[in-house]
Amino acid sequence: MRMFIWLATSSFLALSTIALAQPPSPSTLTALDHEVSELERIHSLVVAYDGEIIHEHHQGGPGVASPANIKSLSKTVLAAITGAAIEADIIDSVEQPMVDLFGVHLPSGVDPKVSEITVAHLLALQAGLERTSGSHYGAWVASDNWVNDAITRPFVDEPGGEMLYSTGTSHLLSAALTHASGETTHALAQRLLGDPLNITIRPWLRDPQGIYFGGNDMQLSPRALIEVGELYRNNGLVIDESGNEQRVLPEGWVETSWQPRGTSRWTGHGYGFGWFITQLAGEDVYYGRGYGGQALFVIPEREMTVVITSDPNPPSPGGQFQQRLNGLVEGLLSSNEQ
């Protein structure tokens, strides 16, 4: 995998803590594999420490180097694409109104309050519009215009209010990126994120108007997801094997992304820009998740990134399965303390 620069900031990693960080022991990883084997839905698990993959376990589905449907973990990747678009001056800042990015593509007849929705509101799922997820999801994806359907839904809260988990909100972000750049979201993803990370991001599902699905159904391998996690662990900087340094995400982007702006009504965990925020084994943990058991965990103080992929097909194993995945990481961290 690529070599990353560690950028020391007091906001994330204290040097004294880093000095104590140790990789998981072989016995810890063996015990982890045993726990994973009891969860048949899991396809693979990859653990990286200090920028290097130190453990891989595969027991079904696509291999660790093969693209897998990461479902709503796509929201975390979309947030990274958005940050990279800000660094590339395609978007001014997270405070830029969504309507500015849509320009002439803004549907007619929308509620005037739509003008109050910013990029930050889209990233944090705080648009205030009625959700398209849950019981509304089927009708939304069956509509003939996903963007129009999502943006013309009634406001159930003020922009910037409660976190309302809605893939329609993420899809509006994908549309905004497309209209602002003149490129598809996929083209942006590969150019701004995939190329500097040396990973391939395959084309994925588009809506009836050709907008790439924002927040669902992206295809990345577990190893590629490790690279995304490492980019955040290293505060948006990457350096290739030739020593060429590149800032992919704006300075301060990771710290801002990992500040809770809302709270999940199902888990109670905080939510920032595409990342859930919690503590496991006494450590700050930042994670993205997707339907069926797709997960990316970053544990900065342990210098660790963990990826889990699972069967993405219905029926859903429910929220308790995510708790099981969190438990696997908590066990990994707890064992590492001994």
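No experiment lies behind these values; they were computed from the predicted model shown. (Residues numbered from 1 in each chain as written. Predicted model: local features only at pLDDT ≥ 70, side-chain atom pairs only at ≥ 80, totals over all residues. Heavy atoms only, no water.)

1. Some words on the sheet that holds strand β1 (residues 42-49)
- One open sheet holds the 8 strands; their spatial order is β2-β1-β12-β11-β10-β9-β8-β7, and the pairing between them is antiparallel. Because the sheet does not close on itself, it has two edges, and the strands there are β2 (52-58) and β7 (262-263). (Pairing = 2+ DSSP bridges. Helix = DSSP H or I, 4+ residues; strand = E, 2+ residues; numbered from the N terminus.)

2. Some points on the packing of aromatic side chains
- Within the structure shown, the criterion is met by 13 aromatic pairs.
- A centroid spacing of 5.8 Å and a plane angle of 80° characterise the contact between Trp-258 and Trp-275, whose relative ring orientation is edge-to-face. Of this pair, Trp-258 sits in the loop between α11 (253-257) and β7 while Trp-275 sits in the loop between β8 (270-271) and β9 (276-280), placing them 17 residues apart in sequence.
- The exposure class of Trp-258 is buried, given its relative accessible area of 3%. (Phe/Tyr/Trp six-rings, centres within 6.5 Å; stacked < 30°, edge-to-face > 60°. Buried < 20%, exposed > 50% of the residue type's maximum accessible area, 1.4 Å probe, protein only.)

3. A closer look at the packing of helix α3 (residues 74-87) against helix α9 (residues 185-197)
- Two elements in contact, α3 and α9, have axes separated by 9 Å at closest approach and are oriented at 70°. In terms of orientation, α3 lies roughly perpendicular with respect to α9. Side by side, α3 and α9 meet where Val-77, Leu-78, Ala-80, Ile-81, Ala-84 and Ala-85 of the first sit next to Thr-185, Leu-188, Ala-189, Leu-192 and Leu-193 of the second.
- Partitioning the contact of α3 with α9 into residue classes produces 10 nonpolar, 1 polar and no charged. (Axes fitted to C-alpha atoms, helices over the stretch in contact; angles between N-to-C directions. Parallel < 35°, antiparallel > 145°, perpendicular 65-115°, else oblique. Contact = heavy atoms within 4.5 Å. Nonpolar A, V, L, I, M, F, W, Y, C, P; charged D, E, K, R; others polar.)

4. Brief notes about unusual backbone geometry
- In this structure, Pro-315 follows Pro-314 across a cis peptide bond, with omega equal to 0°.
- Despite not being glycine, Asp-89 shows a phi value in the positive range, around 65°.
- Assignment of secondary structure puts Asp-89 in the loop between α3 and α4 (98-102).
- Judged by relative accessible area, Asp-89 falls into the exposed class, the value being 66%.
- Of note in this structure, Ala-281 is not a glycine but carries a positive phi near 55°.

5. Structural notes on the environment of Gln-209
- Turning to its location among the elements, Gln-209 is positioned in the loop between α9 and β4 (219-220).
- For Gln-209 and Ile-86, which are 123 residues apart along the polypeptide, the C-alpha to C-alpha distance reads 25 Å.
- Within the structure, Gln-209 has its side chain in polar contact with the backbone oxygen of Asp-144 (distance 3.0 Å). (Polar contact = N/O pair within 3.5 Å; in protein donor to acceptor, adjacent residues only side chain to side chain.)

6. Some details on the pattern of salt bridges
- Counting across every chain of the model gives 9 salt bridges.
- Across the salt bridge formed by Lys-71 and Asp-217, the nearest N and O atoms sit 3.2 Å from each other. Of the two residues, Lys-71 is situated in the loop between β3 (68-69) and α3 and Asp-217 in the loop between α9 and β4; the sequence distance between them amounts to 146 residues. For the pair formed by Lys-71 and Asp-217, the shared burial category is buried. (Salt bridge = Lys/Arg side-chain N within 4 Å of Asp/Glu carboxyl O.)

7. Concerning the side chain of Glu-283
- Along the chain, Glu-283 falls in strand β10 (residues 283-290).
- In terms of polar contacts, Glu-283 uses its side chain to reach the side chain of Arg-302, at 2.8 Å.

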